[in-house]
Amino acid sequence: MFQLTNKTAVVTGGGSGIGKAVCLLFAQRGASVKVVDVNKEAANTTVAEINASGGMAEAIAINVVNQEEVVSAYQAIEKIDILVNSAGISHIGTLETTDAADFDRVYSVNVKGVYNSMYAAIPLMKKNGGGVILNLASIASSVGIPDRFAYSMSKGAVLAMTLSVAKDYVKHNIRCNCISPARVHTPFVDGFLAKNYPGKEAEMFAKLSQTQPIGRMAKPEEIAALILYLCSDEAAFITGCDYPIDGGFIKLNN
Ligand SMILES: NC(=O)c1ccc[n+]([C@@H]2O[C@H](COP(=O)([O-])OP(=O)(O)OC[C@H]3O[C@@H](n4cnc5c(N)ncnc54)[C@H](O)[C@@H]3O)[C@@H](O)[C@H]2O)c1
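Residues numbered from 1 in each chain as written. Predicted model: local features only at pLDDT ≥ 70, side-chain atom pairs only at ≥ 80, totals over all residues.

The subject of this paragraph is the nonpolar core. A general feature of soluble globular proteins is that nonpolar side chains tend to end up buried together. In this structure, Val-22, Cys-23, Phe-26, Val-33, Val-35, Ala-121 and Ile-227 are the most contacted members of the largest nonpolar core, which totals 70 residues. A per-element tally of this core places helix 4 (residues 100–127) first, with nine residues. Discounting residues that sit within four places of it in the chain, Val-33 has contacts with Ala-9, Val-11, Cys-23, Phe-26, Ala-27, Ile-50, Met-56 and Ala-57. (Core = buried A, V, L, I, M, F, W, Y, C linked by C-beta atoms within 7 Å. Buried ≥ 20, exposed ≤ 12 C-beta atoms within 10 Å, placed from the backbone. Helix = DSSP H or I, 4+ residues; strand = E, 2+ residues; numbered from the N terminus. Contact = placed C-beta atoms within 7 Å.)

With parallel pairing, the seven strands of this open sheet are ordered in space as 3-2-1-4-5-6-7. If you trace the sheet from one side to the other, it starts and ends with strand 3 (56–60) and strand 7 (242–245), each paired once. Averaged over all adjacent pairs, the angle separating strand axes in this sheet is 20°, with direction ignored. Contacts from helix 4 reach strand 1 (8–12), strand 4 (82–85), strand 5 (131–136) and strand 6 (174–181), with the element oriented near 175° to strand 4. (Pairing = 2+ DSSP bridges. Axes fitted to C-alpha atoms, helices over the stretch in contact; angles between N-to-C directions.)

With that settled, consider helix 8 (residues 220–231). Over its 12 residues, helix 8 extends 16 Å from the first C-alpha to the last, a length consistent with the 16 Å expected when each residue adds 1.5 Å. For helix 8, the complete set of buried residues consists of Pro-220, Ile-223, Ala-224, Ile-227, Leu-228, Leu-230 and Cys-231. The buried side chains of helix 8 occupy one side of the element, clustering within an arc of 165° when seen end-on. The elements touched by buried residues of helix 8 are helix 1 (17–28), strand 4, strand 5, strand 6 and strand 7. (Expected span 1.5 Å × (residues − 1). Arc of directions from axis to C-beta.)

Our next topic: the packing of helix 1 against helix 8. In contact at an axis separation of 8 Å, helix 1 and helix 8 are set at 55° when each is read in the N-to-C sense. Of the possible angle classes, the one that applies to helix 1 and helix 8 is oblique. The two elements helix 1 and helix 8 meet at a crossing, and its hand is right-handed. Seen from helix 1, the contacting residues are Gly-17, Ile-18, Ala-21, Val-22, Leu-25 and Phe-26; seen from helix 8, they are Pro-220, Glu-221, Ile-223, Ala-224, Ile-227 and Leu-228. (Parallel < 35°, antiparallel > 145°, perpendicular 65-115°, else oblique. Left-handed = near helix turned anticlockwise from the far one by under 90°.)

Let us look at the site of the ligand. For the ligand, the set of nearby residues contains 29 residues, the closest of which are Gly-13, Ser-16, Gly-17, Gly-88 and Phe-188. For the shell around the ligand, the secondary-structure elements that each account for two or more residues are helix 1, helix 4 and helix 6 (187–196). When the residues that make up the shell around the ligand are grouped by side-chain class, the tally is 14 nonpolar, 13 polar and two charged. (Near = placed C-beta within 6 Å. Nonpolar A, V, L, I, M, F, W, Y, C, P; charged D, E, K, R; others polar.)

Turning our attention to the pairing of strand 1. Most of strand 1 is tucked away: five of the five residues are buried. By the alternation rule, side chains of strand 1 split into Thr-8, Val-10 and Thr-12 and Ala-9 and Val-11, which are all buried. Pairing of strand 1 with strand 2 (residues 32–36), which is carried by five bridges, proceeds in the parallel orientation. Residue pairing for strand 2: Thr-12 is matched across the bridge by Val-36. For the crossover from strand 1 across helix 1 to strand 2, the handedness is right-handed. Strand direction decides the pairing type here: strand 1 and strand 4, joined by four bridges, are parallel. (Right-handed = clockwise from strand over helix to strand, strands pointing away.)

Below is the structure:
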């Protein structure tokens, strides 16, 4: 089960965190993995790790914000069976502490980037007779999280785009789902703690860990396992869904 032999998977944000864990797991399962990341060095490192263990991978160093770059990079790929959109950025702030530049920056990567990536992949999937798309939404897509105004805006849009694409392309044999993780311990979390809570990183890390009723953050590998299932042929009956993977955050925090 859960084999990806003869499948080509494009993973944005494949240089770090969840995206990297997905690349490593997909390659282990036999996929040819295209590691898309704006950070060329990070993408190359993921590729080197995959190649060292006998897997197939290629780095594609592009910025998902730039539609032309994304379209031309994806067109150069012979076929795309699976697309995972994991590239994303965060911003801490309420509406009043989010200025227009912060709002635009989060929008351009988390919303426009996902749109660009699906925009480039869908015609190729249609031509190929189908495909699977998995987007990284968040608990912030459907629950009020303190100090995450712009981020919540962006992840709400990811959920809505997922449903829209699932509806429009079901007739083309394209499945589209998203997952909504609570906190996952990746460089994304370490980065925002260092930036926003300097000197208080350990305290904030413990606090954020406890917001999951299960008492810790997820590991990237745990998120990758759900993504593997949803992108595999075993999940052929699943489209238009948002899966929480949240240590009980949404349903048990009351
Ligand atoms: N870590 C969490 O707690 C958490 C929780 C819920 C959802 N998510 C979502 O999961 C996704 C991955 O998060 P992560 O924790 O693995 O993050 P991460 O910061 O570890 O990795 C994100 C990767 O995306 C790349 N990237 C950023 N902007 C890009 C751009 N414009 N073009 C191409 N690549 C770009 C970065 O270089 C990085 O390698 C994000 O969409 C995030 O919002 C994360």
